[in-house]
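Examination of the molecular architecture
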Amino acid sequence: MYQFYNLIPILNVEENMTLPLKLDGKKIDEKRLNELLDILGLTERRKHLPKQLSGGQQQRVSIGRALMNEPSLLLADEPTGNLDQENSQEIIELLKHSNRKYDQTLLIVTYNEDIAAQADRIIRLQDGKIVSDERLCK
């Protein structure tokens, strides 16, 4: 996922989320699309263009696009960086749900200690070196 959302300005929410699948010639799983739109709070905005969305909504479209084809590994660099606390927690819950439901490996880079505390494992880096590696009991 990107800090810059890289949405295509002439494509609506639904088209932006499904573009990678279409480019790969894959069939769109409408059930998954609808589920993600609902979880992301974008159902009512599915036909809106990026310029008609708030920054937080654009970020959720980008996250939805990343989750659309059920990747086995999801890399998220500050996925909640531009969101308020409530929306941040919703995004983290979505990522955790996707992690469990689709058996995905989720790697989140964050400075947010509250987000890090929700992980199964925390690896701390300092000056490019691992300074701690702890597994949390959940």
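Here goes a summary of the coordinates provided. (Residues numbered from 1 in each chain as written. Predicted model: local features only at pLDDT ≥ 70, side-chain atom pairs only at ≥ 80, totals over all residues. Heavy atoms only, no water.)

When helix α1 (residues 13-23) is considered as a whole, its buried residues turn out to be Val13, Glu14, Asn16, Met17, Thr18 and Leu21. The inward-facing, buried residues of α1 contact α2 (30-39) and α3 (55-68). N-capping of α1 is provided by Asn12, with a side-chain oxygen placed 3.1 Å from the backbone N of Glu14. Gly25 sits one or two positions beyond α1 and adopts a positive phi of about 75 degrees. (Buried < 20%, exposed > 50% of the residue type's maximum accessible area, 1.4 Å probe, protein only. Helix = DSSP H or I, 4+ residues; strand = E, 2+ residues; numbered from the N terminus. Contact = heavy atoms within 4.5 Å. Polar contact = N/O pair within 3.5 Å; in protein donor to acceptor, adjacent residues only side chain to side chain.)

For the rest of this paragraph, the subject is the environment of Arg60. Position of Arg60 relative to the elements: it lies in helix α3. Taking the C-alpha atoms as reference points, Arg60 and Tyr5, 55 residues apart in sequence, are found 9.0 Å from one another. The residues touching Arg60, leaving out its near neighbours within four places in the chain, are Leu40, Gly41, Leu42, Asn87 and Ile91.

Now for the packing of α3 against helix α4 (residues 85-101). At a minimum axis distance of 12 Å, the contact between α3 and α4 shows a crossing angle of 5 degrees. By the angle between their axes, α3 is roughly parallel relative to α4. Judged by residue contacts, Arg60, Ile63 and Leu67 of α3 engage Asn87, Ile91, Leu94, Leu95 and Ser98 from α4. Partitioning the contact of α3 with α4 into residue classes produces five nonpolar, two polar and one charged. (Axes fitted to C-alpha atoms, helices over the stretch in contact; angles between N-to-C directions. Parallel < 35°, antiparallel > 145°, perpendicular 65-115°, else oblique. Nonpolar A, V, L, I, M, F, W, Y, C, P; charged D, E, K, R; others polar.)

Moving on, we get to the packing of α2 against α3. Close contact between α2 and α3 brings their axes to 10 Å; oriented N to C, the two are set at 150 degrees. One way to sum up the angle between α2 and α3 is to call them roughly antiparallel. Here α2 and α3 pass one another in a crossing that is right-handed. Each of Arg32, Leu33 and Leu36 in α2 lies in contact with α3, whose residues at this interface are Gly64, Leu67 and Met68. (Left-handed = near helix turned anticlockwise from the far one by under 90°.)

Along the chain, Gln118 turns up in the loop between α5 (113-116) and β3 (121-126). Along the backbone, Gln118 and Glu93 are 25 residues apart, and their C-alpha atoms lie at a distance of 9.6 Å. Engagement of the side chain of Gln118 in a polar contact is seen with the side chain of Gln89, the distance being 3.0 Å.

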